Amino acid sequence: QVQLVESGGGLVQAGDSLRLSCAASGGTFGTYTMAWFRQAPGKEREFVVSISRSGVNTNYADSVKGRFTISRDVAKNTVYLQMNSLKPEDTADYYCAAGLIYTGSDSHKYPYWGQGTQVTVSS
């Protein structure tokens, strides 16, 4: 089993940057696909981005394309989400998820989840 712990959330102003981290333990990190989802109050969980096991292939939601970048460091068992040009609509709880081979947008296909980290973007 793999455990995921997110960190790096906080309060920032629109246009600022923030980097989220997701540390994995208890599993072989390199064998999992990784993804980020976010959920605003009262809304469904929304796919943000995913990365393949190799790190070569990525899949971004249109809402963050060109602003967010996902990366993974196998040596550190960590996946990152670099968020630039943040907007108030990016405000949400951000969750790290791990899959087996899946890199799509369906949250149900990711069996492992972190506890979330809160990101608030003010105008």
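Up top you'll find the structure we're talking about.
Residues numbered from 1 in each chain as written. Predicted model: local features only at pLDDT ≥ 70, side-chain atom pairs only at ≥ 80, totals over all residues. Heavy atoms only, no water.

### Considering the pattern of salt bridges
Working step 1: Tallying each qualifying case throughout the model produces 4 salt bridges.
Working step 2: As a salt-bridge pair, Lys65 and Asp62 come within 3.2 Å of each other at their nearest N and O atoms. In terms of burial, Lys65 and Asp62 fall into one category: exposed.
Working step 3: The partner of Asp90 in a salt bridge is Arg67, with the nearest N and O atoms 2.7 Å apart. Highlighted residues: Asp90 in the loop between strand E8 (78–83) and strand E9 (92–99) and Arg67 in the loop between strand E6 (58–60) and strand E7 (68–73), separated in sequence by 23 residues.
Working step 4: On the accessibility criterion, Asp90 (0% relative accessible area) is buried.
Working step 5: Accessibility expressed as a relative area gives 10% for Arg67, which makes it buried.
Working step 6: Bridged by salt links that share partners, the residues Arg38, Glu46, Arg67 and Asp90 form one connected network. (Salt bridge = Lys/Arg side-chain N within 4 Å of Asp/Glu carboxyl O. Buried < 20%, exposed > 50% of the residue type's maximum accessible area, 1.4 Å probe, protein only. Helix = DSSP H or I, 4+ residues; strand = E, 2+ residues; numbered from the N terminus.)

### As for the sheet that holds strand E1 (residues 3–7)
As a general point, the strands of a sheet are linked pairwise by backbone hydrogen bonds and lie either parallel or antiparallel.
Working step 1: The strand order across the open sheet formed by 4 strands is E1-E3-E8-E7, and the pairing between neighbours is antiparallel. Both edges of this open sheet fall to E1 and E7, since each of them pairs with a single strand only. Between one strand and the next, the sheet's axes are offset by a mean angle of 15 degrees, whatever the strand orientation.
Working step 2: Bridging between E7 and E8 involves 6 bridges; their strand directions are antiparallel. Paired with Phe68 across the two strands is Met83, which belongs to E8. (Pairing = 2+ DSSP bridges. Axes fitted to C-alpha atoms, helices over the stretch in contact; angles between N-to-C directions.)

### Overview of the nonpolar core
It is characteristic of soluble globular proteins that their nonpolar side chains tend to be buried jointly.
Working step 1: Core analysis: the largest hydrophobic core is formed by 36 residues, its most contacted members being Leu4, Met34, Trp36, Val79, Leu81, Met83 and Tyr94.
Working step 2: Take this core: its biggest share by element is 5 residues, from E9.
Working step 3: Apart from residues no more than four positions distant in its own chain, Leu4 is found in contact with Cys22, Ala23, Ala24, Met34, Cys96, Ala97, Ala98, Tyr112, Trp113, Gly114 and Gln115. (Core = buried A, V, L, I, M, F, W, Y, C linked by side-chain atoms within 4.5 Å. Contact = heavy atoms within 4.5 Å.)

Honestly, that's just the spatial picture; any functional story needs more than this.
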